[in-house]
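This is what each chain is made of:
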Amino acid sequence: ESAGTATFTVVLDSEPTADVTMGVSSSDVSEGTVNTASLVFTTGNWNTPQAVTVTGVDDAVDDGNQAYSIVLAAATSSDSNYSGINPTDMVVSNTDNDTKGITVSAISGTTTEAAGTATFTVVLDSEPTADVTMGVSSSDVGEGTVNTASLVFTSGNWNTPQTVTVTGVDDAVDDGNQAYSIVLAAAPSSDSN
């Protein structure tokens, strides 16, 4: 997925009496692409191997290594010896470079009883295949509150940090500085990652 490439070659076993053309394509262009749509062998180049370069595609999804095929179509030619011969497709694997996870930034600022605020951000580490929702709450609403009850990440916004603002609450009690937590609940999603 980091644009790594693999190559293989194709060559005819004997000289054709007419041009031999075969299509080249990827069975899954979201995982890998090829550098050419077809190979053409003539009486002048039939015994020169032609290279096909396969390039991995980064899909941003933690989906593991994905196998797919480079499809070599049946040859077309007016040479009856080659017309219709279907070469073996090549099986390749796109090595995944994504890791599931949730990144929470360090908190910035300090909450105070004078409505002082602090903020932090939350972002996913890889693109989900379904919406990811996580609850946000304060462990002590008598000391601090949050500006949102939940964060929702989709395939469209998964890599955009979402900000949580925490606001201090004035409890009118001389109780000193009070520690409390902002609780990020487990993230339910139909994406098993």
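It should be noted that the structure appears before, not after, this text.
Since the model is a prediction, treat every value here as computed from it, not as a measurement.

Conventions used here
Along each chain, the written sequence defines residue order, and numbers are assigned to residues from 1. Residue-level local features of this predicted model are given only where pLDDT is at least 70; pairs of side-chain atoms are given and counted only at 80 or more, and the full residue set underlies all totals for whole chains, interfaces and linings. Where side-chain values are given, they derive from all heavy atoms of the structure, hydrogens and water being excluded. The secondary structure listing takes helices from DSSP runs of H or I that are at least 4 residues long and strands from runs of E that are at least 2 residues long, numbered from the N terminus. When a residue's accessible area, from a 1.4 Å probe over protein chains only, is under 20% of the maximum for its type it is buried; when over 50% it is exposed; and in between it is partly exposed. The charge count treats Lys and Arg as positive and Asp and Glu as negative. His and the chain ends do not count. Salt bridges are defined as contacts in which a side-chain nitrogen from Lys or Arg sits within 4 Å of a carboxyl oxygen from Asp or Glu. Polar contact is defined as a pair of N or O atoms within 3.5 Å, subject to the rule that within protein one atom must be able to donate a hydrogen and the other to accept it, and that residues adjacent in sequence are counted only when both atoms are side-chain atoms. Whether two residues touch is decided by their heavy atoms; if any such pair falls within 4.5 Å, the residues are in contact. Every definition here rests on a 1 Å grid over the protein atoms only: cavities are sets of points where a 1.4 Å probe fits but cannot get out, pockets are open sets enclosed by protein on both sides within 12 Å along at least five of seven lines, and lining residues have some atom within 4 Å of a point. Grid points are joined across faces, edges and corners, and a volume is the space filled by probe spheres set on the points. Criterion used throughout: strands pair if DSSP finds at least two bridges between them. Axes here mean lines fitted to C-alpha atoms, for a helix over just the part in contact, with angles spanning 0 to 180 degrees between N-to-C directions.

Colleague: Can you help me understand the side chain of Glu 31 in this one?
Modeller: Of note, Glu 31 is situated in the loop between strand E2 (20-26) and strand E3 (32-34). The charged side chain of Glu 31 is buried without a salt bridge, its nearest counter-charge being Lys 100 at 16 Å. Within the local environment of Glu 31, its side chain forms a polar contact with the side chain of Asn 94, the two groups lying 2.8 Å apart. Leave out the neighbours within four places in its chain, and Glu 31 touches Glu 1, Thr 55, Gly 56, Val 57, Asp 59, Asp 63, Gln 66, Tyr 68 and Asn 94.

Colleague: Would you mind showing me how to read the layout of surface pockets here?
Modeller: Any empty space left between atoms is shown by rolling a water-sized probe over those atoms. Empty space within the largest pocket amounts to approximately 350 Å³. Elements supplying a minimum of two residues to the lining of the largest pocket: strand E9 (108-112), strand E10 (116-124) and strand E14 (162-168). With 4 residues, the single largest contributor to the lining of the largest pocket is E9.

Colleague: Explain the sheet that holds strand E6 (residues 66-72) here, please?
Modeller: Backbone-to-backbone hydrogen bonds join strands into a sheet, with any given pair of strands oriented parallel or antiparallel. The sheet built from 4 strands is open, its strands ordered E4-E2-E6-E7 with antiparallel pairing. The open sheet has two edge strands with one neighbour each: strand E4 (38-41) and strand E7 (90-94). With strand direction ignored, the average angle separating the axes of adjacent strands in the sheet is 25°. Inspection of the sheet shows E2 paired to E6 by 3 bridges, in the antiparallel sense. Residue pairing across strands places Ser 26 opposite Ile 70, the latter belonging to E6.

Bear in mind that shape data such as this cannot, by itself, settle questions of function.
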